[in-house]
Structures are given as structure tokens and as C-alpha cells.
Amino acid sequence: MDTIYLELAQALEARKPVCLCVVADSSGSVPRPAGSKMLVYADGLTSGSVGGGGLESEVINQALEAMRLGKTKLLEYSMNPNDENAVGVCGGWVIVYIEPQLEQPTLLILGAGHVGLAVAKIASLMDFRIILNDDREDALENLSVPDKVEFIACDMADLPNKVKITPQTFIIGVSRDAQLDIDGFPALLETDFAYFGAIGSRNRWIHTKDAMLEAGVLPEKADQIKSPIGLRIHAITPDEIAISILAEVIQHMHKK
Amino acid sequence: MWKHYHIVETSEQLAELLATQEGPTKIIAGGTDLMVEINNEKWQNLDTVLDISRVVALDKIWQDKENNLHIGAIVTHNDVLHSRLLRDAAFPLVQACYTVASPALRNRATVVGNLVTASPANDTIPTLMALDAKLVLASVRGERIVPLSEFYKGYRQTALEKDEYVKEVFFKGLTANQRGSFRKQGLRKAQAISILNCCVLLSFEEDVISDAKVTMGSVGPVVMHAPSAEAFLIGKVLDDTVIDEASRIAASDAKAISDIRGSKEFRDYMMKELVFEALHDITRDDLRQSIPRKPISLNTKDDWSGVKQGEWDGDTIRTTVNGEEYILTGASKMSLLHLLRDKLGLTGSKPGCEEGECGACMVFLDGRAVVSCLIPAARAHQANITTIEGLGENGQLDPVQISFIEHAAVQCGYCTPGFVMAAVKLLQEDPNPTREQIMAGLSGNLCRCTGYTKIIEAIEDVKHP
Ligand code: FES
Ligand code: FES
């Protein structure tokens, strides 16, 4: 077996972002034949090879971009020195298929109140990792939640130390109190999330944002938070609000 | 059986009932140990059974502010196998749960039950002991925390007072510089009680071992540490010589006993091998791959609608079987298997062993495959049951049944309903299982005549309509 698959499986298990690059086709004289494979990690480190030299460094760049965009790529390279964009001198051409391994998207729900629970329940029908956070350790006592939901009790500001927040993480701010947001959001804003929304009236958000700015959060950071959270579907009940929130998450996820 | 059966709704109610018990009282969660004993008439004078399997407050896996992981009293082995929190921060516990019994048993058997039964052969104990787990014991008097290592007072004896129950077990999750592994020796891969088991847990500073836990089960009356092996490991770098020497020392720490499952000499030899393998696991990068991320659990329960409760008068069972609603009286003092067969005339589910070993009695309970011989009939109250009679639509056979016939995967047929139920649930869980997944899904079913090849082939070849 190609050991690259074993390494790929290990990376996926460790939830390391990784990109698989395969020489899909080639003709003429090329450094590596079709079927050659390489893994590219987010920090640019590699394993295996698609041919070394200029070709390989070009593939690494493309792989890093593919990971950022979350999209596959099919690239054709000429190794004919007469061609303008040649990446080598061997004489042939290669086609490289680049496939970023996307992790399962994560919903990080801040606040295990009515709305937070409704989001967790409805999201459990979809393919999300669901993490429910609340600072009250007994927030779920006597409540039934889907088995899939991971409950982590801690202060919001502590979450970046406990959960790996990645460009596949959707942060759903539905806490019970603006002060919790003011204390917790700044630490979360330092992470590399996909989406960050916060529940609340226009006034609550103005209050939260002002307090954060006062605490030294940069305005462009604070503006990354979408508030009010959710699509405008005139939702009223917690379940309806959860649907509007998840609709926005889905919209964001598939937009690209 | 029992005189009184309570369906407990809250933990407060449980404490209350324990405090006011009159005769011998037992708590039942999964029932996979207790029902075996009851079926074997070990509890002739049992007065009251308290069914806690639907107390939602006890059904949680969660992480607290100090990074402790908590496992509630009714969390099942399958819940552990599917928990990402535990896979990430307590992998040896996932390994241990994976070796316990079979998927249908793991749908009912709870981790806390495994601890309370207190058999030294129970598989989760060495791991939780290595993790320094603590138990929360609760009663109307309040709660107290007892380290697992102080919980066992002797063979099958625990520190539980008469009015107490175990509310949860908790422990610190593993950090990035801690690694561990669990190993077990049984007579076969599934459905086997351990002859021996062990867990090794090491903390590293750079490459040097800064702390070591080596725990061993089934070597004596209680699960024990291997103190000399632990002392030896500290300060060492884990290389082949150290692994060799540490496993030799652990085996001499074990002072194994002889019993029906193995002689002392065999155990001494095997313990060395097990610790050797567990230490080796720690050096492996691909240890996590040894257990699939979503192991077959024969469970397709969609549980987010919550549990139904209420209306329990101590005897009247209101239940739905194969889509029909029944109200049954005088049926609460038997197993679900006998309720189905003797009260409803649904004789497709078979009594084979009535110990959870053979799977001939398999039915679906709220979307999970379970062995009905180990389920109290009253658990059917407010629940949804499917038996072999309920398969197929509009009088047609289920595709699995058709495939069994086409492949002649049947001889005497006694085991067949159980196999068919397991196969149907397996295909609901994963419509395209691999051969390994099929074998895992069937590991709780025994057949004495056909052999397994034809059965597996029949399942591989099911034609979806
Ligand atoms: S497992 Fe129930 S009869 Fe054998
Ligand atoms: S067919 Fe006879 S036991 Fe399986």
C-alpha cells in the first residue's frame, strides 16, 4: 500500500489540515510518473513528492491556496523549456490533481439556553461537530440533548485553549447576557474562525461592541461579528430562531 | 424476579427511593449484569428494582472548568465509543469499551455499571484506575467523592452505602504529553470476559517518562497497580529494552491467581505479553487507527426529541410493538423477551442462552438493537419496540430475509431471527458495510449449525429495493 495514505489517515485522525496532490497524468519526459503523490500541510511542510524542483514548489503554493479556499484544483504544467510558463526542463507535461482534506465543520455554540439548545438539536440532523459551551456547569442538568453534542463548561474566554478553532469553525454567540459576550468575545476574535454571529437586539450589540472597543478590541475585528445573527425570516420561537441561524451558517458555508 | 418496579424520573427521586427502601433493592440501568443474575435466580428475595435508564441528568458526557471529563451513570459503552471528547482525551477508555461484549450489549451496558459490578475482570476499571478517576456517590445525605482506587473493598465489594448510588465518574483528560493504551486477553474477540487486561499510561517530559501508571485486571480479587513496574519506568526513555524489562517486572507484580479462565502460569506469561504490547502501542503513531471513528453500534436512534416519561403505575405497560399499541397488565415481572413471546405471542424472538451471549432474542428498542432477554419488560413502557415479525412492508419479506433464503444462510433457524435483526440494523446504520463491519455487527450473535460464511455472504449481497 502507498504509505502516503497511512500518513493521510493519521493526519485526519489528528485533525491536521492537509492537502493531497497526485500526478494524475503525464506525457514525455517528466520527473515523476502518474500516480506519484505528495501531502502538503498547512505550514508548507510536505511528505512524498510529485517531482521536486520548480514543479513541486508551484504545487505546494497551489495546495496551500486550495486549503484556504476549500476547493479542489486540476493543474497542467509544461516541462518544456520552450514554453513560456514551464516549471522544469525535462521536456514533458504533467497534470496534477490537488485535493484539500476538509475537516468536518464545527459549530461552537456559546450559551446553553433555549436558543443554544435548539441550535444544537436541529444541527444534530446535519453533518456538524457540535460543541455547546456555557459557564454554568449544571446548564444541561435535567435536559435531554443529542448524544452528538459535546458539552464543555468553561468561561467563554477560555475556549480557545480547549477547542481547536479553525477556518471550519462557526461560532454561534447566543449567550444569556451581554456582559458574558463582552468578557468572552475578544479572545475568540483572535482565533481563525469561519463565521462569528451574535444574538441580540440592535441595542445589545451596540452596547457589546462599544464595551469591547473600550477594552481595546480593534474596530475591524469587532466588525467581523455578524449581529443580529441569522437570516431575516421573522423567527420568533427558539426553534425558529435556530433555523434562521443555521440557514445563515449554511449560506456562509456554501458561498465560497 | 422482583416485587416492585419503579421507573425513576429524576436523580432526586432516586435518592429518595433508596433512602426509604424496605426490602432488598437493586438499581438497574442497562441490566446486562443484573438481569443475568435475576434470570439465574440469584436474587430470590428481590423486593424493588429501580430503573434509572431514563434519568436524563445521568446521561451526560461533558468537560468541566478544570478539564475534568464526566461520565454520567447511564452513559453506555457505545456512547463512549462515539464521543469525540473521550476519543481525544481518553483514548484508552475508548479502547477498553471497544473490547466489551458486542454492539447490542454495548447499547445497554453502562460504564458506571461496569464499575459498580466490581468484577476484577471488568474492562473499564484498569483504564479508569490508571486515569485516577473518582466517583461521585450520592444520596439524600448529600454527595461524596471517592477515588476509584478506594472504591473496591474486596472481591465484588464496594464502598457504596445502602442508600447511595454512583452519580458519575470523572477524571482529568489526557494532555498532549500523555499517552496510554489498553490491552485485553479474552477467549475470543467479542463477547468474552477478560482472562487478563491491563492499561498503561505514561507522561513524558521531552522523551523521558515523568510519570507512569500500569494497572492490571483479572489477576486477583481487585484490579491493581504494578508498583515496581511504575517505579522502574519513571526517568527512562521508552525503548525496546525498557519495554522488555518493564513488562517482565509488571508480570511479577501481578501475582496472578488460577481460576476457571486460566492458570497462574498462563496468566504470568500473558501479563508480560499484554504489558509489552500496551507499551509498544504507546510508541505507535497509528494507534488511533486501531479503532474506527464510528464503530458499528447497531444504533440508529434519533434521540433529540427527548425521552418519554410518566404514567407509570407500577404495573401497566403502555408500549408500541411493531407499530401496534398495547396496554398490558400483569406483565411487569418478566423479561421483555417473555413479554413478547408469552403475552403477545410474538415467538420469533428466541430464548437461547438468556444471558446475553447468543443474540437469538434480539429486538430493536427505540432504534437500538438490544438483547430482549436482559431487558425488564417494564422498560417497554412508553417505548417503541420492533421484533422480527415487524420487519418488511406490506406483507413482503425484508430484503435481508430474502437474501438469507437465497444464500441458504439458515439450517435449524433458531439463531436466524437474531441474525436478521442485527443485519437489518447494521444496514440501516451503514448501507454499504465492509466485511469487517459486518463481522463486527454480528459479533453478538451465535450460530451452531450454519456457520458464519453464508450469513456474511447473504448480508454482503442484500439487494436494496
Ligand atoms: S442473548 Fe438473549 S437469549 Fe441469548
Ligand atoms: S441455523 Fe441453527 S443455530 Fe444458526
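For the structure itself, consult the block above.
Scoring rules and cut-offs
Residues numbered from 1 in each chain as written. Chains lettered and ligands numbered in written order. Predicted model: local features only at pLDDT ≥ 70, side-chain atom pairs only at ≥ 80, totals over all residues. Heavy atoms only, no water. Pairing = 2+ DSSP bridges. Helix = DSSP H or I, 4+ residues; strand = E, 2+ residues; numbered from the N terminus. Expected span 1.5 Å × (residues − 1). Contact = heavy atoms within 4.5 Å. Axes fitted to C-alpha atoms, helices over the stretch in contact; angles between N-to-C directions. Buried area = accessible area lost by both parts, 1.4 Å probe. Salt bridge = Lys/Arg side-chain N within 4 Å of Asp/Glu carboxyl O. Polar contact = N/O pair within 3.5 Å; in protein donor to acceptor, adjacent residues only side chain to side chain. Nonpolar A, V, L, I, M, F, W, Y, C, P; charged D, E, K, R; others polar. Buried < 20%, exposed > 50% of the residue type's maximum accessible area, 1.4 Å probe, protein only. Arc of directions from axis to C-beta.

**Q** What should I look at first to understand the pairing of strand S5 (residues 93-101) of chain A in this one?
**A** The side chains of a regular strand alternate, first on one face of the sheet and then on the other. All names here are of chain A. Of the strand pairs in this sheet, strand S1 (residues 18-27) and S5 are connected by 9 bridges, and their pairing is antiparallel. Pairing of Val23 across the sheet is with Val96, part of S5. Taken together, the 6 bridges between strand S4 (residues 73-78) and S5 define a ladder with antiparallel strand orientation. Looking at the pairing, Lys73 lines up with Ile98 of S5.

**Q** It is not clear to me how helix H2 (residues 53-69) of chain A should be interpreted in this structure. Could you clarify?
**A** Side chains three or four residues apart in an α-helix point the same way, a direct result of the helix having 3.6 residues per turn. All names here are of chain A. With 17 residues, H2 extends 25 Å from end C-alpha to end C-alpha; this agrees with the ideal 24 Å at 1.5 Å per step. Contacts made by the buried residues of H2 are with S1, strand S2 (37-41), strand S3 (46-48), S4 and S5. Remark: Gly70 follows H2 within two positions and exhibits a positive phi of approximately 70°.

**Q** Hey, could you run me through the sheet that holds S4 of chain A in this one?
**A** Sheets are built from strands that pair by backbone hydrogen bonding, the pairs being arranged parallel or antiparallel. Residue and element names in this part refer to chain A. Within the open sheet, the 5 strands sit side by side as S3-S2-S1-S5-S4. Their pairing is antiparallel. Among the strands making up the open sheet, the edge pair consists of S3 and S4. On average, each strand axis in the sheet is inclined to that of its neighbour by 25°, with strand direction left out of account. For S2 and S3, the ladder comprises 3 bridges, and the chain directions are antiparallel. From the neighbouring strand, Met38 faces S3, where its bridge partner is Gly48. Of the strands in this sheet, S1, S2, S3 and S5 touch helix H1 (residues 3-13), which is tilted by about 20° from S2. Together, S1, S2, S3, S4 and S5 form the strand contacts of H2, whose direction differs from that of S2 by roughly 55°.

**Q** Quick question: what am I supposed to make of the interface of chain B and chain A here?
**A** If you look at the interface, chain B gives 24 residues, while chain A gives 27 residues. Across the chain B/chain A interface, buried area totals approximately 2,500 Å², and carbon plus sulfur atoms make up 44% of it. For the pair chain B and chain A, the number of links is 0 salt bridges. Where chain B meets chain A, there are 12 residue pairs in polar contact (both at pLDDT 80 or more). Elements with a contribution of two residues or more to the side of chain B that touches chain A: strand S4 (61-63) and helix H4 (84-89) of chain B. The class makeup of the residues in the side of chain B that touches chain A is 7 nonpolar, 4 polar and 13 charged. Bridge analysis of strand S8 (residues 149-153) of chain A against S4 of chain B gives 2 bridges, and the strand direction is parallel. Directly across from Ile152 of chain A, in S4 of chain B, lies its bridge partner Gln63 of chain B.

**Q** Got a minute to help me understand helix H14 (residues 399-406) of chain B in this structure?
**A** Residues and elements named next belong to chain B. Buried within H14 we find Val400, Gln401, Ser403 and Phe404. Looking straight down H14, one finds its buried side chains confined to an arc of 160°; they lie on one side. Exposed residues on H14 whose side chains face more than 90 degrees from its buried face are Ile405 and Glu406. Residue Asp398 occupies the N-cap position of H14, its side-chain oxygen lying 2.8 Å from the main-chain nitrogen of Val400. Looking one or two residues past H14, Ala408 carries a phi angle of roughly 50°, positive in sign.

**Q** Where do I start with the sheet that holds strand S1 (residues 4-7) of chain B in this structure?
**A** All names here are of chain B. One open sheet holds the 3 strands; their spatial order is S1-S3-S2, and the pairing between them is parallel. Both edges of this open sheet fall to S1 and strand S2 (25-28), since each of them pairs with a single strand only. Mean inter-strand twist for the sheet, computed between neighbouring axes without regard to direction, equals 20°. Relative to strand S3 (residues 48-51), S2 runs parallel, the two being bridged by 4 bridges. Within S3, the position partnered with Ile28 by the bridge is Asp51. Where helix H1 (residues 11-19) meets the sheet, it contacts S1, S2 and S3, and its direction lies at approximately 170° from that of S3.

Keep in mind that these numbers describe shape and distance, not what the molecule does.
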